[in-house]
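Geometric and topological summary
Spelled out, the chains give:
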Amino acid sequence: MVPLPKLTLKKFHDGLINREFKAREVVESYFKEIDKHDDKIGAYLSLDKEAALLSADEADLRIKRGERLDLLSAAPLAIKDNILVKNTPTTAASKVLEGYKASYDAAVIKKLRSEGAIFLGKTNLDEFACGSTTESSAYKKTRNPHNTSLVPGGSSGGSAAAVAANLCLAALGSDTGGSIRQPAAFCEVVGLKPTYGAVSRSGLIALGSSLDCIGPLTKTVEDAGILFKSIAGVDSKDSTSRETFYGDDLYRPKLERVKELVVGLPAEFAGADIHPDIQSQMTEVVKNIKSLGIRTKSISLPHVKYAISCYYIIMPAELSANLSRFDGLRYAPLLDDDVKNLLDCYEKNRSLGFGKEIKRRLILGAFVLSSGYYDAYYEKAQKVRSLIADDFARAYEEVDVILTPTSPIPPFPLGKKVEDPMELYFADIMTIPANLVGLPAISIPPGFQLIGRHFKEADILGLGYYYERLSNN
Ligand code: GLN
């Protein structure tokens, strides 16, 4: 039996080329684990066994022939079900897309495929990636593998749970307001939200187009660097993507360089709304960072207190525009074809197809964009967003990386908060600012977040890498 819990991307690659195991054995082991445990965890919405095993056999053949393998060759990955993988079901956990199969690969999937990665299946999420618990999926609830009475976080809860439970080697998620980092923190894995524009959004089902990012969920910081490097880069299908120049220091950082970083501690994120357990965890984290010989400095981000209000105007506004394409007629079979006319068809199918949280945001988004209220809400929120960006720009004159908790609260029981959307929205306070400003941010166990300058993923990955080694020793 392959020791799945011990595998990382790097160890898997080494094991493969040193012929300690075959790709097929590893892929079969993952499917066995999924068969055994996923009934109670609920990480996956669909599996693609046939294609995965075929790719594994191809990799094994290449090894037999002595061909060189890329770092991600045959790596068994899980993909959040709002990212298109050609010919496989893609539902965004919504009824409106039930039965839809992607007609093309997302840009990130194309890149990973060209390196030989294997896709085990698609993971559960909050419907259209709206939520923080993975309870708003139309299909199933995902549970936290460390304690199945608790939520795994969300919206990439399926991906985070799959990594934490060894049901895949690593996974992709998407992050619009924290959906990679918060479930990473809840499931005790690593989650990286890249700089906006570093990774193409082509083939990601759009939620908030000015905020959305695809990124890795992994067991180690090194793995996050490896996976991120392979999905980053400009793409002609996403005009907001940029040419990137990342080196191998993303996952092989030099300690001398990391030691020169100055870490900012924002006064605003040390308030009374933080759960005592998280507060004491953060005290420990700061102590550990200092023990690496890294300097810390108090900073202020005075406008982040408006981040939640700002986000919950901009995001629903963008969502209401993006989700208008789901009219019931395209993509998937009609949910109700007993209709009188086109409007009736839209009404019936959108009513049946969308869940409660999506309807709430569609109405809110359409309202803040409506002619009488556009200036009062949407435009104002965009101005506040600039003020928040200015706060970060000022802070980065003095520090290189900003440290915060990833979530102000620890994982909570399923069903506890899902009926109180406001309470869930407020818990996004730590993660949302990085999305509004487009900054890269990583969540590292035990649940702290490092936010870096634009395109400076190397700083947060570098610090994370040495932090992780500290806690593993
Ligand atoms: N919790 C946030 C929300 O519900 C995060 C969403 C996301 O990042 N996709 O909007």
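Everything below is about the structure shown above.
Everything numeric in this text was worked out from a predicted model, so none of it was measured. (Residues numbered from 1 in each chain as written. Predicted model: local features only at pLDDT ≥ 70, side-chain atom pairs only at ≥ 80, totals over all residues. Heavy atoms only, no water.)

Digging into the layout of surface pockets
The criterion, for reference: A cavity here means a set of points on a 1 Å grid, drawn over the protein atoms and nothing else, where a 1.4 Å probe fits but cannot get out; a pocket is an open set with protein on both sides within 12 Å along at least five of seven lines, and a residue lines either one if it has an atom within 4 Å of a point. Grid points are joined across faces, edges and corners, and a volume is the space filled by probe spheres set on the points. Secondary structure is summarised from DSSP: a helix means a run of H or I of at least four residues, a strand means a run of E of at least two, and numbering begins at the N terminus for each. Three residue categories are used. Nonpolar comprises Ala, Val, Leu, Ile, Met, Phe, Trp, Tyr, Cys and Pro, charged comprises Asp, Glu, Lys and Arg, and polar comprises the others, including Gly.
Of the volumes computed, that of the largest pocket is approximately 530 Å³. Considering the residues around the largest pocket, the lining is formed by 24 residues, among which Asp273, Lys305, Ile308, Phe426 and Ile429 are closest to the centre. Going through the elements one at a time, α10 (307–322) and α14 (421–426) are the ones with two or more residues in the lining of the largest pocket. Its residues assigned to classes, the lining of the largest pocket comprises 17 nonpolar, two polar and five charged. Its boundaries defined by the atoms lining it, the second largest pocket holds a volume of some 420 Å³. Together, 25 residues line the second largest pocket, and Ala51, Ser55, Arg113, Ala117 and Phe119 are the ones closest to its centre. Contributions of two or more residues to the lining of the second largest pocket are made by β1 (44–47), α3 (49–64) and β3 (118–123).

Observations regarding empty space enclosed by the protein
Scanning the model with the defined rule gives two cavities of 30 Å³ or more in all. Lining the largest cavity we find 17 residues, and of these Gly131, Gly177, Ser179, Tyr311 and Asp428 sit closest to its centre. Of the residues belonging to the lining of the largest cavity, the class tally is six nonpolar, nine polar and two charged. Size it by volume and the second largest cavity reaches roughly 50 Å³. Within the lining of the second largest cavity, the residues separate by chemical class into seven nonpolar, two polar and two charged.

Thoughts on the pairing of strand β2 (residues 76–80)
Here is the rule: Partly exposed describes any residue whose relative accessible area lies between the buried limit of under 20% and the exposed limit of over 50%, with all areas from a 1.4 Å probe on protein chains only and scaled to the type maximum. A strand pair is defined by DSSP finding two or more bridges across the two strands. With strands facing away from the observer, any crossover in which the path from the first strand over the helix to the second runs clockwise is taken as right-handed.
Taking burial as the measure, the five residues of β2 include five buried ones, the bulk of the element. Where burial is concerned, the two faces of β2 agree: the one with Pro76, Ala78 and Lys80 and the one with Leu77 and Ile79 are both buried. Sheet topology places β2 next to β3; five bridges connect them, and they run parallel. Residue Ala78 lies in a different strand from β3, and its bridge partner there is Gly121. Assessed by its sense of winding, the connection that carries the chain from β2 through helix α4 (residues 107–114) to β3 is right-handed. In this structure, β2 lies alongside strand β4 (residues 170–175), joined through three bridges in parallel fashion. Paired with Ala78 across the bridge in β4 is Ala171.

Points about the pattern of salt bridges
Rules: By definition here, a salt bridge exists when the distance from a side-chain nitrogen of Lys or Arg to a carboxyl oxygen of Asp or Glu is within 4 Å.
Tallied over the full model, the rule gives 26 salt bridges. Among the ionic pairs, Asp105 bridges to Arg113, the shortest N-O distance being 2.7 Å. A salt bridge links Arg453 to Asp400, with the shortest nitrogen-to-oxygen separation between them at 3.0 Å. With Arg453 in the loop between β11 (448–452) and α16 (457–472) and Asp400 in the loop between α13 (374–398) and β9 (401–405), the pair connects residues that are 53 residues apart, well separated along the chain. A residue is classified by how much of its surface remains accessible, and Arg453, at 25% relative accessible area, is partly exposed.

Overview of the site of the ligand
What counts, and what does not: We call a residue near a molecule or strand whenever a single non-hydrogen atom of that residue lies within 4 Å of it. N or O atoms within 3.5 Å of each other form a polar contact, as long as, within protein, one can give a hydrogen and the other can take it, and as long as residues adjacent in sequence are counted only when both atoms are side-chain atoms. For the accessible areas, the method is Shrake-Rupley and the probe is 1.4 Å, while residue cover comes only from the protein chains on display. Grid points define the cavity or pocket, and a molecule sits in it when more than half of its atoms lie within 2 Å of them.
Around the ligand, the surrounding shell holds 16 residues, and the nearest of these are Ala129, Thr176, Gly177, Ser179 and Tyr311. One of the backbone nitrogen or oxygen atoms of Ala129 is found 2.8 Å away from a nitrogen atom of the ligand. Between the ligand and Ser179, the relevant distance is 2.7 Å, taken from an oxygen atom to a side-chain nitrogen or oxygen of the residue. When the free accessible area of the ligand is taken as 290 Å², the share hidden by the protein chains comes to 99%. Among the detected pockets, the ligand sits in the largest cavity. Tallying contributions element by element places α10 first for the shell around the ligand, with three residues. When its residues are assigned to classes, the shell around the ligand shows six nonpolar, seven polar and three charged.

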